[in-house]
Amino acid sequence: MSETKRNPITRVGNYIIDLFRKSPVSRLAKGGFMDNGYWFESEIKKNKYTDRIGRVEDIDEYLRREHKVLSRPNFEFKEKTFETAKIILQTLKSIIKFHVSYICGNPVSLSGDKEFVSYLNKIYKKGNYTKVDLAVTKDLIMYGDAFEYIYLDENDNIRSKIIRNKDSYPIYDSNGNYTEFVEYWKDEDTRADHYVVYYPDKVEVYENRKLVDTKVNLTGLPIWYSSMDKAKYDKFGDPVILDLIPLMDAIENLLSKLDDAVTTLSLNPLGVVSGQRIDSAIPNNIVGTVLNLEDGAEFKYASATMDRNSVKLELDYIIQQFYAVACVPSSILGQSNVANVSETSITMLYQQTDNIARQYIASLMEGFLTRLSYIRKLLELKNIPISDEVFDSVNIVFNVNRPVDNVNDMKNMEIQYNCGALSKQTIIDKSPYVTDTALELERIESERIKVEQDAAAKVENDKNVTPDGDSEGDETKDEKDELKELIDDKAD
């Protein structure tokens, strides 16, 4: 008897393998489709995608003021239901806005080939890419991932679509290769399921499992921005907001309990009588009421003495950790006073902010370079070829919104320029006042030409002026005739 027939466990295993080979799931595992062809329906339900969508929904709920402190139960106080304090702090919104403004509050600067950069700046202006950059940065900081699709609109203008995080499913295979992208949402009114499936060469639109449209994909898969901090499934970014929510919950809980203690024990304490009372009950509103007490009885308020130092110590430590994790200077939100701070002190104050900004800028830079490559594709379709040399000359500079002493920076660049160690274009690239280097160079050149023309015109005008200060061309014919007659009279 063979080993397979003798071992029942092996026989069961072979039976299961055989069933798997005959099932449509096996064809899907080999890269094929399910019987109905809608492979994306089951794909987006995998744990690695639902785990990310769950994090996105938790963050959205928190930013919509659905906080843990709202679950605090009420209690009975003075024979009535006392509604406990539920203090909600939306500091996380301010943290997000601060980092977004710090990184992209000042528009990014493009430098490189003058003609190509000038054309790119026109595309950025028509496509409102300053707002697009802010939206991408906001999603990247809030959720750890952001998604942007480049396309041509009906007027052949290059545009970008920011795909909502809760609708985004970037599909990657077992080797970590980004292969497809699925955008899915359910209509709140009709409850219809909508799928937009992006392939490298086409885009398919489905509604309730029915293919309604197919379009050519002129660029490629949506740009996937991902933060350097990774989540459980390491292809997705891990948002820093999830580290701040527990700290904010602790602050809200502590402040809410402190508010209840002040309200019940300090502002509205319980009245206590020692000895026998003549009245059967003590009124709730004891102010202005006369109590009849037995001889030797005593009435007093029961109040608790709060340990102020312990409460302050805990609250201060939590807030300190909150700002440390958020990488935000405490002075930004009014936690400390800043006056007469030197340039070195400001640099030290923003050191943590700069550290986290560098990581986000690295992720954004990777996506922005992909965006430029997509724009290059679309320009070539419009018969505007871009050579590799011209394309590689383009550089993206982030102008972080940190308070700096620009006067000293400009003086240092002026010294280098006068020594011949710095070009005028580099100064313009580094200047915080200029976002379009190519346009600024054109303006400088036109001003130079105008100055030269004015100088040449002045020299020409000086040549035509007589020693008496009159121009030769200013004499009229009548004046010349009168001068000739005067000379003739004197000769006679």
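Higher on the page you've got the structure.
Residues numbered from 1 in each chain as written. Predicted model: local features only at pLDDT ≥ 70, side-chain atom pairs only at ≥ 80, totals over all residues. Heavy atoms only, no water.

Enquirer: Hey, could you go over the overall build of the protein chain for me, with residue numbers and the actual values?
Expert: Within the protein chain, the secondary structure is distributed over 17 helices and 14 strands. For the protein chain, the accessible surface area stands at approximately 30600 Å², while carbon and sulfur atoms represent 51% of it. (Helix = DSSP H or I, 4+ residues; strand = E, 2+ residues; numbered from the N terminus. Areas by Shrake-Rupley, 256 points an atom, 1.4 Å probe, with all protein chains shown as cover.)

Enquirer: Residue-level account of the sheet that holds strand S6 (residues 168-172), with values.
Expert: Read from one edge to the other, the open sheet built from five strands follows the order S6-S7-S8-S9-S10, with strand pairing classed as antiparallel. Here the strands that pair on one side only, and so sit at the sheet edges, are S6 and strand S10 (211-216). Adjacent strand axes in the sheet meet at a mean angle of 15°, parallel and antiparallel pairs treated alike. In this sheet, strand S7 (residues 178-186) lies alongside S6 in antiparallel orientation, the contact comprising five bridges. Looking across to S7, one finds that Pro170 is bridged to Phe181. (Pairing = 2+ DSSP bridges. Axes fitted to C-alpha atoms, helices over the stretch in contact; angles between N-to-C directions.)

Enquirer: So what about unusual backbone geometry? Which residues, and what values?
Expert: A positive phi angle, close to 60°, is found at Arg191, a residue other than glycine. Turning to its location among the elements, Arg191 is positioned in the loop between S7 and strand S8 (193-198). Of note in this structure, Asn383 is not a glycine but carries a positive phi near 60°. Looking at the element boundaries, Asn383 is found in the loop between helix H12 (351-381) and helix H13 (388-392). Look at Asn383 and you get exposed, because its relative accessible area is 70%. (Buried < 20%, exposed > 50% of the residue type's maximum accessible area, 1.4 Å probe, protein only.)

Enquirer: Lay out the pattern of salt bridges in plain terms, naming residues and giving numbers.
Expert: Applying the stated criterion across every chain, the model contains 21 salt bridges. With a closest N to O distance of 2.9 Å, Asp133 and Arg371 form a salt bridge. Of this pair, Asp133 sits in helix H8 (residues 129-143) while Arg371 sits in helix H12; the two residues are 238 residues apart in sequence, bridging distant segments of the chain. Take Asp133: its relative accessible area is 4%, and that puts it in the buried class. On the basis of relative accessibility, which here comes to 0%, the residue Arg371 falls in the buried class. Where Glu445 meets Arg448, a salt bridge forms, and the shortest distance between an N and an O atom there is 2.3 Å. (Salt bridge = Lys/Arg side-chain N within 4 Å of Asp/Glu carboxyl O.)

Enquirer: Explain the nonpolar core to me, and be specific about the residues and the numbers.
Expert: Counting residues in each nonpolar core, the largest one holds 59 residues, and the members touching the most others are Ile103, Leu364 and Phe398. Tallying contributions element by element places H12 first for this core, with eleven residues. Residues contacting Ile103, with those up to four places away along its chain left out, are Thr137, Ile141, Ala357, Tyr360, Ile361, Leu364, Phe398 and Asn399. Among the nonpolar cores identified, the runner-up in size contains 25 residues, and Tyr49, Tyr172, Tyr184 and Leu221 belong to it. (Core = buried A, V, L, I, M, F, W, Y, C linked by side-chain atoms within 4.5 Å. Contact = heavy atoms within 4.5 Å.)

Enquirer: So what's going on with the sheet that holds strand S5 (residues 158-162)? Which residues, and what values?
Expert: Strand order across the open sheet formed by three strands is S5-S4-S11, with antiparallel pairing between neighbours. Looking at the sheet topology across the chains shown, the edges are occupied by S5 and strand S11 (223-226). Between one strand and the next, the sheet's axes are offset by a mean angle of 25°, whatever the strand orientation.

Enquirer: Before we move on, can you summarise a negative patch on the surface with the specific residues and values?
Expert: Together, Glu57, Asp58, Glu61 and Glu66 give the surface a local cluster of negative charge. With respect to the element layout, Glu66 can be found in the loop between helix H5 (47-63) and strand S1 (75-77). You can call Glu66 partly exposed: its relative accessible area is 44%. (Patch = residues over 30% accessible without salt bridge, like charges linked within 9 Å, V, L, I, M, F, W, Y side chains within 5 Å. Lys, Arg positive; Asp, Glu negative; His and termini not counted. Charge placed at Lys NZ, Arg CZ, Asp CG, Glu CD.)

Enquirer: Explain a positive patch on the surface to me, and be specific about the residues and the numbers.
Expert: Judged by side-chain charge, Arg65, Lys93, Lys97 and Lys138 come together as a positively charged surface patch. Relative to the helices and strands, Lys97 resides in helix H6 (residues 91-104).

Enquirer: Please provide a residue-by-residue account of a nonpolar patch on the surface, values included.
Expert: Residues Val216, Leu218 and Leu381 make up a contiguous nonpolar surface patch of roughly 290 Å² in combined accessible area. Position of Val216 among the secondary structure elements: in strand S10. The class of Val216 is exposed, set by a relative accessible area of 63%.

Enquirer: With reference to specific residues and values, describe the environment of Met142.
Expert: By the element assignment, Met142 lies in helix H8. Residues Met142 and Ile59 lie 83 residues apart in sequence; the distance between their C-alpha atoms is 7.7 Å. Residues in contact with Met142, not counting those within four places in the same chain, are Ile59, Leu63, Ile96, Pro239 and Ile241.

Enquirer: Summarise the packing of aromatic side chains; cite the residues concerned and give the values.
Expert: Evaluation of the coordinates by the stated rule reveals 25 aromatic pairs. Between Trp224 and Phe236, the aromatic rings sit 5.6 Å apart at their centres with planes inclined by 40°, giving tilted as the arrangement. Separated by twelve residues along the polypeptide, Trp224 in strand S11 and Phe236 in the loop between S11 and helix H9 (241-266) bring together distant segments of the chain. For Trp224, a relative accessible area of 17% gives the class buried. An aromatic cluster is built from Tyr49, Phe147, Tyr149, Tyr151, Tyr172, Tyr178, Phe181, Tyr198, Trp224 and Phe236, whose rings are joined through pairwise contacts. Sitting above the plane of the Phe236 ring, Arg52 keeps its charged end 5.7 Å from the centroid. The positively charged end of Arg376 is found above the aromatic ring belonging to Phe391, 4.9 Å away from the centroid. (Phe/Tyr/Trp six-rings, centres within 6.5 Å; stacked < 30°, edge-to-face > 60°. Lys NZ or Arg CZ within 6 Å of the ring centre and 35° of its normal.)

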